[in-house]
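# Survey of secondary and tertiary structure
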Amino acid sequence: MSQILNFLQGHLFHNFGAQNSGLSPTLLPLKSCFPNRKRVRIFLLQVNSKLVNHIEQSLPDNKAEACDRDELYSFPHVQTLSKFPKEELFRKVVMVRFDSSILLLGKKEYQSPPASARSTIKYLHKAGAKVILVGSWSWDNNLRLSSAESAAEFLSSMLKLKVVPMKLVSRSTHSQMEYGENSDVLLLENLSEIKMELANCSKFAKELASGVDIFVNDAFSQSHKVLASTVGVACFCSACIAGFYFEEGLYQLKKITRTTNRPYVAIIGGRNLAGKAAALRFLASKCDALVFVGSMAFQIMHAMGVPVPVKLVELGALKEAVSIVESANSRNVPIVLPKDFWCMNDVFPEQLEIFSIDSMLDGWRPVDLGPLSLQKIIPLLSKCKKILCIGPLKFSSSRQEEVGVSKLAEVLNSLTQSTCDVTFVGKMEFGGLLRKSTSVSVDNFVKNTSVVWEFLKGKRLPGLMALDRAYPFDIKWDIAYADPTRPLVVDVGSGNGLFLFGMTKSQKDLNFLGLEINLKLVKRCLDHLHHSGMQNVYFITTNATSTFRSIVSSYPGDLFLVSIQCPNPDFNKPEHRWRMLQRSLVEAIADLLIFGGKVYLQSDIEAVALRMKKEFIEYSKGKLVLVHDPETDSVQQRGWLMENPFGVRSDWEQHVLDRGEPMYRLLLSKVEK
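So, here is what we can say about the structure in this document. Keep in mind that this is a model prediction, so the values were computed, not measured.

### Considerations on the overall build of the chain
Counting its secondary structure elements, the chain contains 25 helices and 22 strands. Across the 673 residues of the chain, 55% fall into the buried class. At a minimum sequence separation of 6, the contacts of the chain that also span at least 24 residues come to 77%. Total accessible area on the chain stands at roughly 30,200 Å², and carbon and sulfur atoms take up 52% of it.

### Comments concerning the sheet that holds strand β21 (residues 624-626)
Sheet strands pair by backbone hydrogen bonding; their relative direction is either parallel or antiparallel. Strand order in the open sheet formed by seven strands is β18-β17-β16-β19-β20-β22-β21, with mixed pairing between adjacent strands. In the strand order of this sheet, the two ends are held by β18 (537-541) and β21, each with one partner. The sheet shows a mean angle of 20° between the axes of neighbouring strands, direction not considered. Of the pairings in the sheet, the one linking strand β16 (residues 488-492) to strand β19 (residues 559-565) comprises five bridges and is parallel in character. By the bridge assignment, V489 is partnered in β19 with L561. Sheet strands touched by helix α21 (residues 519-532): β17 (511-516) and β18. Its angle to β18, the strand with the most contacts, is close to 155°.

### Some details on the packing of helix α14 (residues 371-381) against helix α15 (residues 403-416)
Remark: α14 packs on α15, axes separated minimally by 11 Å, with the N-to-C direction vectors making an angle of 10°. Taken as axis vectors, α14 and α15 run roughly parallel relative to one another. Counted together, L374, I377, I378 and L381 of α14 and G404, K407, L408, V411, L412 and L415 of α15 form the full contact between these two elements. Residues belonging to the contact of α14 with α15 are distributed by class as follows: eight nonpolar, one polar and one charged.

### Considerations on the environment of M344
Along the chain, the position of M344 falls in strand β10 (residues 340-345). Residues M344 and G363, spaced 19 residues apart in sequence, show a C-alpha to C-alpha distance of 8.4 Å.

### What about the pairing of strand β6 (residues 239-242)?
Here β6 shows two buried faces, one formed by A239 and I241 and the other by C240 and A242. Across four bridges, the pairing between strand β5 (residues 214-217) and β6 is parallel. Bridging from a neighbouring strand, I214 pairs with A239 of β6.

### A closer look at the sheet that holds β5
Taken together, the six strands give an open sheet; going across it, the order is β3-β4-β2-β1-β5-β6, and neighbouring strands pair in parallel fashion. Strand pairing shows two members of the sheet lacking a second neighbour, β3 (163-166) and β6, which therefore form its edges. On average, each strand axis in the sheet is tilted by 25° relative to the strand beside it, whichever way the strands run. Those strands touched by helix α5 (residues 115-126) are β1 (93-97), β2 (130-134), β4 (185-188) and β5, and its axis lies near 155° from that of β2.

### Examining the packing of aromatic side chains
Summed over the entire model, instances satisfying the criterion amount to 13 aromatic pairs. On the numbers, 5.3 Å between centres and 75° between planes, the contact of Y123 with F244 is edge-to-face. Of this pair, Y123 sits in helix α5 while F244 sits in helix α10 (residues 244-257); the two residues are 121 residues apart in sequence, bridging distant segments of the chain. Geometrically, the ring pair formed by F501 and F539 is tilted, given 5.3 Å between the ring centres and 50° between the ring planes. Taken together, the residues span a long stretch of sequence, with F501 in helix α20 (residues 498-506) and F539 in strand β18 at a distance of 38 residues. Residue class for F501 comes out buried when judged on its relative accessible area of 0%. Connected via pairs of aromatic rings, a cluster forms that spans W477, Y481, Y538 and Y555.

### Side note on the pattern of salt bridges
Under the criterion given, the structure shown has 18 salt bridges. Its salt-bridge partner being R583, residue E587 comes within 3.2 Å of it at the nearest N-O pair. Of the two residues, E587 and R583 are both situated in helix α23 (residues 583-592); the distance of four residues between them amounts to about one turn of the helix. For the pair E587 and R583, one class covers both residues: buried. A salt bridge links K623 to D591; its shortest N-O distance comes to 2.5 Å. Of the two residues, K623 sits in the loop between α24 (606-619) and β21 while D591 sits in helix α23, which places them 32 residues apart along the sequence. Classification of K623 by relative accessible area gives partly exposed; the value is 24%. Residue D591 is classed as partly exposed on the basis of its relative accessible area of 25%. Counted as one network, the salt bridges with shared partners bring together D213, R583, E587 and K621.

Rules of the game
- Residues numbered from 1 in each chain as written.
- Predicted model: local features only at pLDDT ≥ 70, side-chain atom pairs only at ≥ 80, totals over all residues.
- Heavy atoms only, no water.
- Helix = DSSP H or I, 4+ residues; strand = E, 2+ residues; numbered from the N terminus.
- Buried < 20%, exposed > 50% of the residue type's maximum accessible area, 1.4 Å probe, protein only.
- Contact = heavy atoms within 4.5 Å.
- Areas by Shrake-Rupley, 256 points an atom, 1.4 Å probe, with all protein chains shown as cover.
- Pairing = 2+ DSSP bridges.
- Axes fitted to C-alpha atoms, helices over the stretch in contact; angles between N-to-C directions.
- Parallel < 35°, antiparallel > 145°, perpendicular 65-115°, else oblique.
- Nonpolar A, V, L, I, M, F, W, Y, C, P; charged D, E, K, R; others polar.
- Phe/Tyr/Trp six-rings, centres within 6.5 Å; stacked < 30°, edge-to-face > 60°.
- Salt bridge = Lys/Arg side-chain N within 4 Å of Asp/Glu carboxyl O.

Below you can see the structure in the form of structure tokens.
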């Protein structure tokens, strides 16, 4: 054991037994650490008031905890290209899932695509990355871009880069791609007609991602779908991040839910109220008024007892419409409905008349807002500081000129020139008028309505959930530790913290960090930390699999040791996207460790330990090597360490040894390549 311990001398650890650590399994309380936050806060002022305040800012209050965690899971803080280290892009193969509905639409809706949609590709190319573009586009929407060759030509002229089309290739061919004078960027063939793309076929996704180091999702309009090119490929890339345009889309979603500017009014068009009821109840909880101007207005009228022609009532919508009215009434949120309509004769479409809802004749159908409706709606909008306009505003697919909608567009256009924040979601009937406006930019538009409706319903967006996470808070290391420049030891999956607390007692010249996904366990550790007064150990609630790099890279000192002990075997199935040990975590550890730094792995299940060993050796790309001690009997014939080199056992390790069963341990060291 002597040579292995020599690796752990100096700034590393001395071998001290568990009997000297002063720990016992009953050290930590079994309940959550903040049963009475006020009482605990007063007591802890005697220990470290700055640390307490820092911890409390990053932990949710008990009452809001469930709500906050639901919001975190439905709208996670993801890794973005703007925050990703630029030097990590150099000479890496980067696949970009671009938003073809934006980049390839030419001048059909906007004079030019948003700058962010182009910037992602140009930024990656300038950073020295080998860029591969992947997308799907409809031939019906743009016949002249039906082939990959024509799309590549169009993209070349727009990006000012040489884009070359290529067929889907196997991994062996993919890894040998040459980038040089012939191309700046490669464009794969159109995926729209490939069934395996729509089915999120794992085999196809693996082929698509073969040879790719980093995946950048910039297809925000596809984030509500489960596709091989947005979700499946994430399993096979070392990093999965959001591009500039995707990040802008996320900002727009967050802006919709932000209620700092009031009054906040939602103008709601379209149909299918039953399918959007959850989203409408959400808007009723956020907005100060709901204005229904589309076909859903008739369903709300029906729910409020207003006689509505049967042909305008959606089957099965009444119950949901009543619940929306009740939700609005519970917050005293007014519901504004049209009073009259321009109606078109079914037999003679050129005939238009104005009717109120109770005077509408058979053979006529509403196509536009009437003058009385506008007189009711416009004064309300003029007082707003924030407006969400979502869905088609007309009542039918008629191509008849909409006088009322055009008037409403003029009002919204004038409001954008003032201090009112207006967001348009979907394809607006008055898009031509808005395009001519100097005050309305593409930043006011969220093109894909389906993404917004799914988000407002509270559903998770698969394309968003597949991206790597980033830690959402700034960590004040100088408050967490007495000296944040000391070497750092990180325990991934720290559980109840017994291992770190044991190490902390004898190693005062090191700092210790526990990363644990279970919020209750972290609270218990922090409770013990506060009462003990320790200043060289800290715990964070996070999914370390994807946040390790963003957290540890901000630490001012060196990363000296990382331990992963007894991960749940259920999370180590290869097909599980969020299993604990992934390529992204291994690469982050290998990159951030100092030379000579160590990785300690152990499990009571040999298959799990073997998988960890295999993945660390494979994904560290030669940066990590196994530590052997051939002069003693401390290494078994199959390469497992017989003894814990630190002399401090985790609670599960102690439990396994008490049963008389073996532990499978490994130690790896970072070397210069």
